[in-house]
Amino acid sequence: MLNALTIDVEDYFQVSGFERQVDRRDWDRYESRVVPNTYRLLKLLDEQRTHATFFVLGWVAERFPDLVRAIHRAGHEIGSHSYWHRLLYQLTPDEFRADLVRSRNVLEQIIGERVTAYRAPSFSVTKDSLWALEILADEGFISDSSIYPIYHDRYGIPDAQPALHRITTKAGALWELPASVLRVGRMNLPISGGGYFRLYPLPFTIRALRSVNDRLRRPFVFYTHPWEIDPAQPRLQVGSWLARRRHYVNLHSTERKLRRLLMTFQFGCLRDVIALADLALTPAQTLETVH
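Presented here is a report on the structure given in the accompanying data block. (Residues numbered from 1 in each chain as written. Predicted model: local features only at pLDDT ≥ 70, side-chain atom pairs only at ≥ 80, totals over all residues. Heavy atoms only, no water.)

1. A closer look at the environment of Glu-176
1) Next: Summarising the element assignment, Glu-176 is placed in strand S7 (residues 172-176).
2) Next: The exposure class of Glu-176 is buried, given its relative accessible area of 0%.
3) Next: Sequence separation between Glu-176 and Ile-147 is 29 residues; the distance between their C-alpha atoms is 7.9 Å.
4) Next: Apart from residues lying up to four places away in sequence, Glu-176 is in contact with Leu-133, Asp-144, Ser-145, Ser-146, Ile-147, Ala-163, Leu-164, His-165 and Ile-167. (Helix = DSSP H or I, 4+ residues; strand = E, 2+ residues; numbered from the N terminus. Buried < 20%, exposed > 50% of the residue type's maximum accessible area, 1.4 Å probe, protein only. Contact = heavy atoms within 4.5 Å.)

2. Some words on the side chain of Ser-103
1) Next: Counting through the fold element by element, Ser-103 comes out in helix H4 (residues 93-111).
2) Next: On the basis of relative accessibility, which here comes to 0%, the residue Ser-103 falls in the buried class.
3) Next: Polar contacts involving the side chain of Ser-103 include one to the side chain of Ser-80, which spans 2.7 Å.
4) Next: Not counting residues up to four positions away in its chain, the partners in contact with Ser-103 are Gly-58, Ser-80, Ser-82 and Tyr-83. (Polar contact = N/O pair within 3.5 Å; in protein donor to acceptor, adjacent residues only side chain to side chain.)

3. Here we look at unusual backbone geometry
1) Next: Not every positive phi belongs to a glycine, and Ser-122 is a case in point at roughly 55°.
2) Next: Mapping Ser-122 onto the fold places it in the loop between strand S4 (117-118) and helix H5 (131-138).
3) Next: Residue Arg-217 is not a glycine yet carries a positive backbone phi of 60°.
4) Next: Along the chain, Arg-217 turns up in the loop between helix H7 (202-214) and strand S10 (221-224).
5) Next: You can call Arg-217 exposed: its relative accessible area is 57%.

4. Re the packing of H7 against helix H9 (residues 254-264)
1) Next: Remark: H7 packs on H9, axes separated minimally by 11 Å, with the N-to-C direction vectors making an angle of 30°. As judged from the angle between their axes, H7 and H9 are roughly parallel. Read as a crossing pair, H7 and H9 show a hand that is right-handed. Within the contact between the two elements, H7 uses Leu-202, Ile-206, Leu-209 and Arg-210 and H9 uses Lys-257, Arg-260, Leu-261 and Thr-264.
2) Next: Residue classes in the contact of H7 with H9 are distributed as four nonpolar, one polar and three charged. (Axes fitted to C-alpha atoms, helices over the stretch in contact; angles between N-to-C directions. Parallel < 35°, antiparallel > 145°, perpendicular 65-115°, else oblique. Left-handed = near helix turned anticlockwise from the far one by under 90°. Nonpolar A, V, L, I, M, F, W, Y, C, P; charged D, E, K, R; others polar.)

Put into structure tokens, the structure is as follows:
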């Protein structure tokens, strides 16, 4: 079964957990490590003959266009991760649209083709920002991977549909690829990457993801960031203790674990997973509607 591998291309100082202390106007003052870290991921994917969807922050793309071109030349899908990495539910619809269009235009000018995949910063499509899906459809986006069906202090829609599905809005339809979860009792357990991947023992993650493929008979969506394979990154004394714990836990083992994961499962871009799902979709199947 083909699973979706996704990479959010942002730097270590741009994460939501640090945004209250790291002003966006000061981003250029920090040592950037996103280029060498992303090239390390590209090398790893090339070794494993694996393609992924790279959700690139517009701010990063504007400063490092050659990195975006290298990702694209290697056959990976380019998606938008916004321009300023702002949580969607802190924006107005007009502010979101402006940020979305700016990020998309930057990326399209670099790679010379349409960008139709999107992921919100920190999975911030919540019940308070479902309006963003209609704007995505209206702007011509085909796929979104911004919903996490869990409880979390920053994001999540616990009762969201956990499988790949199509959503209808007044502006058109949109494929939604939620970050993957495993049902345990009455709750959804996050198993699809990021800090959860760094925190859990690798055998547990493999068993959980395999259960999605084998027991639930559906692909999973996995995500990571370039800074997660960089244990030598500067240790910023900002954010809460919890934010720093989430960010820095087990960075030293991420690359090794990721290599093992790539050897265990078959991965591809979002567009490849969607193409297979589209072939399997029958006319009788209904679509979820967002109001």
